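Examination of the molecular architecture
Spelled out, the chains give:
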Number of protein chains: 4
Amino acid sequence: MGGVLDGVPSGLLISIFEIQKEVNRRRPGQSEFTTSRSELDKVEILSGLHPDINDQGYQLSLGSPIGFVIQNKDKKSSDYNSLSDVYRPSHADFTYEAKYGVRDHRGGGRASARETICRVVAGAIAKQILGNDIIIQAYVERMAGIGIPADAQFDISKTKNSNVCCPHEITSKAMEEKLRSLSSEGDTAGGVISCRIKGVPAGWGEPVFDKLNARLAYAILGINATKGIEFGSGFAGSENKGSEENDSFKTLGKTHSNNSGGIQGGISNGQDVFFRTAFKPVSSIKSKQKTINKAGLPIEIKIEGRHDPVVLPRAVPIIEAMAYLVLADFYLTQRVQLNS
Amino acid sequence: MGGVLDGVPSGLLISIFEIQKEVNRRRPGQSEFTTSRSELDKVEILSGLHPDINDQGYQLSLGSPIGFVIQNKDKKSSDYNSLSDVYRPSHADFTYEAKYGVRDHRGGGRASARETICRVVAGAIAKQILGNDIIIQAYVERMAGIGIPADAQFDISKTKNSNVCCPHEITSKAMEEKLRSLSSEGDTAGGVISCRIKGVPAGWGEPVFDKLNARLAYAILGINATKGIEFGSGFAGSENKGSEENDSFKTLGKTHSNNSGGIQGGISNGQDVFFRTAFKPVSSIKSKQKTINKAGLPIEIKIEGRHDPVVLPRAVPIIEAMAYLVLADFYLTQRVQLNS
Amino acid sequence: MGGVLDGVPSGLLISIFEIQKEVNRRRPGQSEFTTSRSELDKVEILSGLHPDINDQGYQLSLGSPIGFVIQNKDKKSSDYNSLSDVYRPSHADFTYEAKYGVRDHRGGGRASARETICRVVAGAIAKQILGNDIIIQAYVERMAGIGIPADAQFDISKTKNSNVCCPHEITSKAMEEKLRSLSSEGDTAGGVISCRIKGVPAGWGEPVFDKLNARLAYAILGINATKGIEFGSGFAGSENKGSEENDSFKTLGKTHSNNSGGIQGGISNGQDVFFRTAFKPVSSIKSKQKTINKAGLPIEIKIEGRHDPVVLPRAVPIIEAMAYLVLADFYLTQRVQLNS
Amino acid sequence: MGGVLDGVPSGLLISIFEIQKEVNRRRPGQSEFTTSRSELDKVEILSGLHPDINDQGYQLSLGSPIGFVIQNKDKKSSDYNSLSDVYRPSHADFTYEAKYGVRDHRGGGRASARETICRVVAGAIAKQILGNDIIIQAYVERMAGIGIPADAQFDISKTKNSNVCCPHEITSKAMEEKLRSLSSEGDTAGGVISCRIKGVPAGWGEPVFDKLNARLAYAILGINATKGIEFGSGFAGSENKGSEENDSFKTLGKTHSNNSGGIQGGISNGQDVFFRTAFKPVSSIKSKQKTINKAGLPIEIKIEGRHDPVVLPRAVPIIEAMAYLVLADFYLTQRVQLNS
């Protein structure tokens with residue numbers, strides 16, 4: 001597994017430690033609800049950073065593409081051999097074959113959740129391009145039908161203490177209990193991740209074809225298992241009247257409400273940008289399922305191997321990574337946009 | 001107002017009449033709920049189609065970019081002069097100025113809904129590239145807090161008979177009544193548009209960075225006033241268990257349920273593709289609003305001019321147009337993808 | 001004829017007068033060697049510049065795409081009707097038809113030299129983005145087999161006084177005489193344009209896939225009738241030994257010789273960038289030519305209409321325009337490349 | 001060293017053996033005129049080809065990006081340590097530092113000729129996409145001031161028998177002798193490579209911004225040490241009269257002469273496409289050179305390490321590779337262009 005990140009300006013000090021820290025957050029085996037594969041997920045940088053110019057764990061960006069690999073020590077392709085002739089329900093087996101006329105069934109290939117590790121590496125670099133002024137924090141808001149109550153008070157920094165990445169302690173416990181119960185039945189769960197971005201200055205995003213919300217949606221819905229995205233007051237806000245929904249100005253660059261989620265006409269307005277993303281329940285359920293094989297004949301399958309009962313806790317750093325990548329793009333392009 | 005559509009294959013017969021018909025659907029002044037500006041919105045083709053090779057209203061595509069303009073006979077920029085020094089709540093006035101350091105306040109510029117006319121023209125051409133096998137139908141599902149009941153039966157082809165583009169007659173009447181009431185208070189409404197795409201073959205969309213859902217989301221959320229998008233069972237489906245949500249196969253390329261909205265791993269699976277889009281209530285409310293001017297001082301404004309109390313009926317053909325454009329791209333790229 | 005230039009930063013004062021001045025340089029009818037069509041070639045700006053913020057002939061860039069049109073008052077498509085069924089030698093008639101299956105024979109379509117007017121408009125804007133530090137000057141060095149002697153002294157600013165855009169007076173006269181003689185025989189000429197760019201700072205261009213020379217070559221060979229391009233000492237320099245050809249440093253950013261033409265490893269080194277471009281003789285000769293028609297049968301044709309006996313004088317501003325466009329791109333991207 | 005080639009259609013049988021064969025052609029240590037580094041240059045495929053579906057040395061393309069690496073067993077970065085503070089004449093040392101503010105001096109980095117190995121790998125895959133109908137053959141036409149006589153007869157297939165890739169035996173011998181003499185003086189040579197492409201059907205290339213010649217020039221001038229490119233009769237042809245230069249049609253898709261080099265209006269016309277590329281003499285001469293160091297002070301350097309006295313023989317497969325890549329792009333895009 002590897003990737004290449006182009007467009008990183010030269011002369012930046014990039015911390016490899018910070019990259020690895022982000023990668024570790026999405027690593028399996030961190031709680032009882034994530035698979036216990038012994039993937040070390042050690043990031044190796046191949047190019048673009050100068051290993052000799054090393055100031056306390058930082059490496060200097062050279063302006064060239066940053067290539068990286070993450071070795072997979074543990075993956076056994078044989079786990080998947082029994083699945084080469086069947087189409088698992090709600091997996092991409094059938095669609096890949098329809099698209100390409102051929103399918104590499106080993107490990108789910110590019111449809112595997114493992115692909116997202118590269119997104120996290122790239123996002124951790126994008127985060128360092130943006131510096132400390134921009135802070136992106138995602139957390140699990142709903143899972144398995146259980147959600148943080150609308151009026152609940154919570155400290156978003158507690159996300160990291162929760163096995164399910166839910167910062168509201170009581171809800172977190174309830175989610176865990178529900179998950180254990182589902183898991184014991186061989187079933188799986190989905191849910192909703194909230195993401196809040198602080199520090200985006202007014203003026204990022206393009207007015208017509210590259211609206212900030214459109215680009216975030218494109219990036220986020222590129223993550224596997226997503227089902228939808230909404231900004232600001234979202235679907236609920238579409239029920240309101242204009243007089244209720246409008247965000248009136250308090251001062252220059254400061255509004256009373258933030259139903260818009262920090263974006264007007266595709267461009268950031270200086271308020272917090274926030275959005276919610278829905279994830280479907282994991283398709284690899286352990287209980288028996290009816291499906292068909294390549295010949296179109298009905299068969300019953302039981303998906304073996306280690307699979308998380310829920311994808312959301314590990315998706316939290318992926319959501320953040322994709323948002324950092326989108327913002328880094330707009331940060332850099334805005335340098336060109338405004339003549340100064 | 002004009003645009004250029006590149007990438008249309010040569011040798012296609014394109015009907016100008018069909019283009020104009022789509023444009024007329026989004027034109028204002030079609031019902032009591034849309035502004036009565038006498039915009040004729042006549043599409044003129046400047047290039048890319050051969051006017052002399054004209055077979056019963058069709059023109060032959062030349063393979064060159066199709067340039068077009070739509071003259072605006074009626075727009076009075078003076079309507080907007082009084083707004084040059086204020087920031088209207090939930091408009092893009094402030095964000096444009098933050099981005100560019102300058103703002104062209106005449107008619108809202110590129111943030112104006114009028115910009116979408118080019119999308120409709122391009123979409124009407126994309127529709128003809130795709131031919132008759134692919135049918136996209138959007139309709140208003142919720143408006144002003146009123147929605148088609150979950151168990152209601154309706155004929156989607158009746159959308160065109162409704163003043164608010166809602167195919168369920170009773171709901172349509174209720175929406176209209178509610179809208180009249182809101183309008184008389186100087187207020188506005190938002191809502192949700194559903195869109196269903198029939199006939200997409202399995203195999204369209206890219207597996208990682210250009211997933212079919214990601215590209216649709218990017219295109220749709222590029223439309224002004226959108227707040228969110230969800231595919232298949234969407235946010236509601238994220239509450240379900242895997243065993244409930246999985247779409248099991250009936251036959252090759254045919255599933256029992258369609259919670260995925262016709263997309264697996266970013267690639268179409270041959271079922272109907274469908275999604276829902278949330279629109280915020282129109283920001284230009286007629287009642288007085290508090291805001292600030294360029295100096296940051298609080299003032300009260302009353303937005304004059306003709307503004308729709310709701311954007312949804314006119315957004316229906318825009319949603320369809322953007323979906324046709326995305327599908328035409330994948331149709332053409334898939335010709336290259338699969339070696340044959 | 002029209003175009004759209006995207007990516008111009010906002011907040012720049014752009015002179016419409018300077019745009020029109022460049023366009024006038026390429027206009028036909030300026031000397032006895034250019035056709036006398038009464039094309040006014042008046043540039044109209046449609047978007048992207050604010051007409052009301054007009055400071056002594058300058059308009060403010062808004063950051064949005066700059067759309068423009070140039071009306072063609074005079075073109076008579078009927079001139080070309082007789083050619084609809086034949087393939088003119090060394091024209092693009094046959095290749096267009098092979099590519100598209102259809103050909104719009106009116107005025108040569110996109111293969112017409114008239115297409116270059118848009119390049120000149122865009123280049124004139126790019127020139128203003130770059131400001132006064134970068135000066136691009138092209139001139140005719142060889143024409144009809146006659147060239148400026150290698151050891152000749154001349155003032156490049158005299159280019160504009162020459163009917164054939166050759167700054168060396170004696171050579172210019174000889175070229176004119178030769179051209180009159182060729183023209184009277186119904187024949188045409190080609191030649192070489194030299195282009196010198198002063199003021200490019202060291203560091204522009206990308207090291208692998210977007211080398212400054214590669215991008216200039218791509219832009220320049222996109223002009224019709226070009227046959228080749230060489231940088232610095234070019235083909236002649238390839239005959240030399242390394243010890244002769246190497247450009248040794250005098251001081252930081254200053255070399256003794258400039259055989260490299262100001263580019264090392266695809267990146268500007270602070271010296272003058274220069275290159276030479278070969279143009280073929282005009283294909284539309286007035287004397288009779290043997291060719292074939294669509295049926296593949298041999299016929300004789302005589303090309304009517306007004307055609308220049310040589311394309312070079314009018315190509316001088318086009319070369320400059322394309323070079324300005326390439327440099328403006330690198331100027332803007334370099335703002336993003338270097339972290340500061 | 002590695003790369004990623006995206007856009008390869010699925011379902012193609014790709015021979016790894018053929019890829020390795022092309023890579024071996026550009027490998028050093030093949031004759032007395034190329035360095036004797038023991039680089040094995042073994043290509044490893046990481047993705048995009050299915051190793052298990054292996055039919056007599058062929059692997060099936062999966063439609064996903066083809067990632068590959070070539071391990072460098074031998075490179076000693078220490079060879080370059082002494083150069084970290086100086087700017088070698090006509091190298092990219094100074095320009096990289098001007099661009100990025102930092103330079104990775106180990107092995108020349110991305111300005112190293114070693115970078116071209118990836119181009120050869122990608123080109124070898126592109127060649128297999130195109131199939132057997134398109135044949136690209138490059139050879140050394142001029143070197144160190146010695147060239148194949150204009151009227152010489154030779155068999156292009158003999159290129160591989162020559163130590164300097166010149167198919168004309170007498171010229172090849174003369175070049176070798178001259179090179180030995182230059183090499184013994186610590187000096188280097190440049191020259192010209194000719195490239196001829198057979199089998200391109202009429203209709204490839206785009207008429208305005210992606211002309212076939214412009215795209216070839218962009219690709220070829222992206223190769224290090226190139227100084228210029230000319231198509232068909234090139235610079236020499238620009239001296240001719242139109243009546244001499246025009247390529248008249250013999251039959252449909254067949255012309256008497258081919259001064260255009262197989263391209264009209266940016267689009268292939270079905271004749272052979274051919275072009276010549278000038279290369280500068282190698283900048284790393286062994287004799288002492290005056291230059292400056294980072295402080296701007298004059299110093300004398302002697303470049304150590306193994307360097308070829310001429311780059312042309314190893315550039316022959318690189319020219320072919322870049323041409324295959326450009327043609328594969330047009331082959332695939334033409335599938336979309338023409339409606340059928």
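Above this note sits the structure.
So, a few notes on the structure that sits alongside this text. (Residues numbered from 1 in each chain as written. Chains lettered and ligands numbered in written order. Predicted model: local features only at pLDDT ≥ 70, side-chain atom pairs only at ≥ 80, totals over all residues. Heavy atoms only, no water.)

Observations regarding the overall build of chain A
Along its length, chain A carries 8 helices and 18 strands. For chain A, the C-alpha radius of gyration of 21 Å lies close to 20 Å, the compact-globule estimate for 340 residues. Principal-axis analysis of the C-alpha atoms places the extent of chain A at approximately 65 × 55 × 40 Å. Relative to its full complement of 340 residues, chain A shows a buried share of 61%. Considering only residue pairs separated by 6 or more positions, chain A has 71% of its internal contacts joining residues 24 or more positions apart. Measuring between centres, the 41 positive side-chain charges of chain A sit 3 Å from its 38 negative side-chain charges. (Helix = DSSP H or I, 4+ residues; strand = E, 2+ residues; numbered from the N terminus. Rg over C-alpha atoms; globule rule 2.2 N^0.38 Å. Buried < 20%, exposed > 50% of the residue type's maximum accessible area, 1.4 Å probe, protein only. Contact = heavy atoms within 4.5 Å. Lys, Arg positive; Asp, Glu negative; His and termini not counted. Charge placed at Lys NZ, Arg CZ, Asp CG, Glu CD.)

Quick look at the nonpolar core
Counting 143 residues, the largest nonpolar core has Ile 197 of chain A together with Ile 197 of chain B as the members making the most contacts within it. Leu 312 and Ala 315 of chain C together with Ile 70 and Ala 217 of chain D belong to the second-largest nonpolar core, a separate cluster that totals 142 residues. (Core = buried A, V, L, I, M, F, W, Y, C linked by side-chain atoms within 4.5 Å.)

What about the relation of the copies chain A and chain D?
Expressed as a screw transformation, the operator carrying chain A onto chain D has a rotation angle of 180° and an axial translation of 0.0 Å, and the superposed copies differ by an RMSD of 0.0 Å. Read as a symmetry element, the transformation amounts to a two-fold axis. Among all residues of chain A, the one whose C-alpha sits closest to the rotation axis is Val 4 of chain A, at a distance of 4.5 Å. Comparing contact sets, 100% of the residues at the interface of chain A also lie at the interface in chain D, consistent with an isologous, same-surface contact. (Least-squares fit on C-alpha atoms with pLDDT ≥ 70 in both.)

As for the interface of chain A and chain B
Quite often, the size of an interface is put as the accessible area lost when its parts meet. Across the contact, 97 residues belong to chain A and 96 residues belong to chain B. Interface of chain A and chain B: buried area, both sides summed, is about 7100 Å²; carbon and sulfur atoms make up 59% of it. Of all residues in chain A, Lys 99, Lys 227 and Phe 249 of chain A give up the largest surface area on contact with chain B, accounting jointly for 11% of the area buried on that side. Linking chain A with chain B are 6 salt bridges, by the criterion used here. Our enumeration of links across chain A and chain B arrives at 43 residue pairs in polar contact (both at pLDDT 80 or more). Considering only residue class, the side of chain A that touches chain B consists of 34 nonpolar, 40 polar and 23 charged. (Buried area = accessible area lost by both parts, 1.4 Å probe. Salt bridge = Lys/Arg side-chain N within 4 Å of Asp/Glu carboxyl O. Polar contact = N/O pair within 3.5 Å; in protein donor to acceptor, adjacent residues only side chain to side chain. Nonpolar A, V, L, I, M, F, W, Y, C, P; charged D, E, K, R; others polar.)

A few points about the relation of the copies chain A and chain B
Of the two same-sequence chains, chain A is brought onto chain B (RMSD 0.0 Å, axial shift 0.0 Å) by a rotation of 180°. The residues that chain A uses at the interface reappear at the interface of chain B in 99% of cases, marking a shared surface.

Structural notes on the sheet that holds strand S3 (residues 43–45) of chain C
All names here are of chain C. Taking strand neighbours across the sheet as the criterion, the 3 strands line up as S1-S6-S3 in an open arrangement whose pairing is antiparallel. Looking along the sheet, the strands with just one partner apiece sit at the ends: strand S1 (2–5) and S3. When the angles between neighbouring strand axes are averaged without regard to direction, this sheet yields 25°. Both S1 and strand S6 (residues 66–70) contribute to a ladder of 4 bridges, which runs antiparallel. If you follow Gly 3 over to S6, its bridge partner there is Phe 68. (Pairing = 2+ DSSP bridges. Axes fitted to C-alpha atoms, helices over the stretch in contact; angles between N-to-C directions.)

Concerning helix H3 (residues 116–130) of chain B
Its 15 residues place the ends of H3 of chain B 21 Å apart at the C-alpha level, agreeing with the 21 Å of an ideal helix rising 1.5 Å per residue. Looking one or two residues beyond H3 of chain B, the residue adopting positive phi is Gly 131 of chain B, at roughly 80°. (Expected span 1.5 Å × (residues − 1).)

Re the packing of helix H8 (residues 312–337) of chain B against helix H8 (residues 312–337) of chain D
The N-to-C vectors of H8 of chain B and H8 of chain D enclose an angle of 135°; their axes lie 9 Å apart at closest approach. Overall, the two elements H8 of chain B and H8 of chain D adopt an arrangement that is oblique. Judged by the twist between their axes, the crossing of H8 of chain B over H8 of chain D is right-handed. For the pair H8 of chain B and H8 of chain D, contact is made by Leu 332, Arg 335 and Val 336 of chain B and by Leu 332, Arg 335 and Val 336 of chain D, respectively. A breakdown of the residues in the contact of H8 of chain B with H8 of chain D according to their chemical character gives 4 nonpolar, no polar and 2 charged. (Parallel < 35°, antiparallel > 145°, perpendicular 65-115°, else oblique. Left-handed = near helix turned anticlockwise from the far one by under 90°.)

Looking at the sheet that holds strand S1 (residues 2–5) of chain A
All names here are of chain A. Taken in spatial order, the 3 strands make up an open sheet running S1-S6-S3, and their pairing is antiparallel. The open sheet has two edge strands, S1 and strand S3 (43–45), and neither has a second partner. Neighbouring strand axes in the sheet, compared pairwise and without regard to direction, differ in orientation by 25° on average.

Structural notes on the packing of aromatic side chains
We describe a pair of aromatic rings using the distance from one ring centre to the other and the angle between the two ring planes. As enumerated under the stated definition, the model contains 32 aromatic pairs over all chains in all. Ring plane angle 45° and centroid distance 5.8 Å describe the contact between Trp 204 of chain D and Tyr 331 of chain D, whose orientation is recorded as tilted. Of this pair, Trp 204 of chain D sits in the loop between strand S10 (191–198) and helix H5 (212–220) while Tyr 331 of chain D sits in helix H8, placing them 127 residues apart in sequence. Residue Trp 204 of chain D is classed as buried on the basis of its relative accessible area, which comes to 7%. Put simply, the rings of Tyr 87 and Phe 94 of chain A together with Phe 249 of chain B touch in pairs and so form one group of aromatic residues. Lying over the aromatic face of Tyr 100 of chain B, Lys 99 of chain B brings its terminal NZ or CZ to 5.7 Å of the ring centre. (Phe/Tyr/Trp six-rings, centres within 6.5 Å; stacked < 30°, edge-to-face > 60°. Lys NZ or Arg CZ within 6 Å of the ring centre and 35° of its normal.)

Side note on unusual backbone geometry
Positive phi values are uncommon outside glycine, yet Ser 90 of chain A reaches one of about 60°. With respect to the element layout, Ser 90 of chain A can be found in the loop between strand S7 (86–87) and helix H2 (93–100).

As for the environment of Gly 228 of chain C
Looking at the element boundaries, Gly 228 of chain C is found in strand S11 (residues 226–231). Spatially, the C-alpha atom of Gly 228 of chain C lies 5.7 Å from that of Thr 277 of chain C, the residues being 49 residues apart in sequence. Apart from the residues within four sequence positions on either side, Gly 228 of chain C is in contact with Leu 221, Arg 276, Thr 277 and Ala 278 of chain C together with Ile 229, Glu 230 and Phe 235 of chain D.

Regarding the interface of chain A and chain D
With 17 residues of chain A at the contact, the number on the chain D side is 17 residues. Here chain A and chain D share an interface that buries about 1300 Å² over both sides, 62% of which is from carbon and sulfur atoms. Run the count over chain A and chain D and you get 0 salt bridges. Along the contact surface separating chain A from chain D lie 2 residue pairs in polar contact (both at pLDDT 80 or more). In terms of residue count, strand S4 (residues 49–55) of chain A provides more of the side of chain A that touches chain D than any other element does, 4 residues in total. When its residues are assigned to classes, the side of chain A that touches chain D shows 7 nonpolar, 5 polar and 5 charged.

Observations regarding helix H2 (residues 93–100) of chain C
Burial of H2 of chain C is extensive: 7 of the 8 residues sit out of reach of the surface. Looking only at H2 of chain C, the buried set comprises Asp 93, Phe 94, Thr 95, Tyr 96, Glu 97, Lys 99 and Tyr 100 of chain C. Buried residues along H2 of chain C sit against strand S7 (86–87) of chain C together with strand S12 (249–251), strand S14 (263–264), strand S15 (267–268) and H8 of chain D. In the segment just after H2 of chain C, Gly 101 of chain C is the residue with positive phi, at about 75°.

Such coordinate-based values are descriptive only and should not be taken to indicate function.
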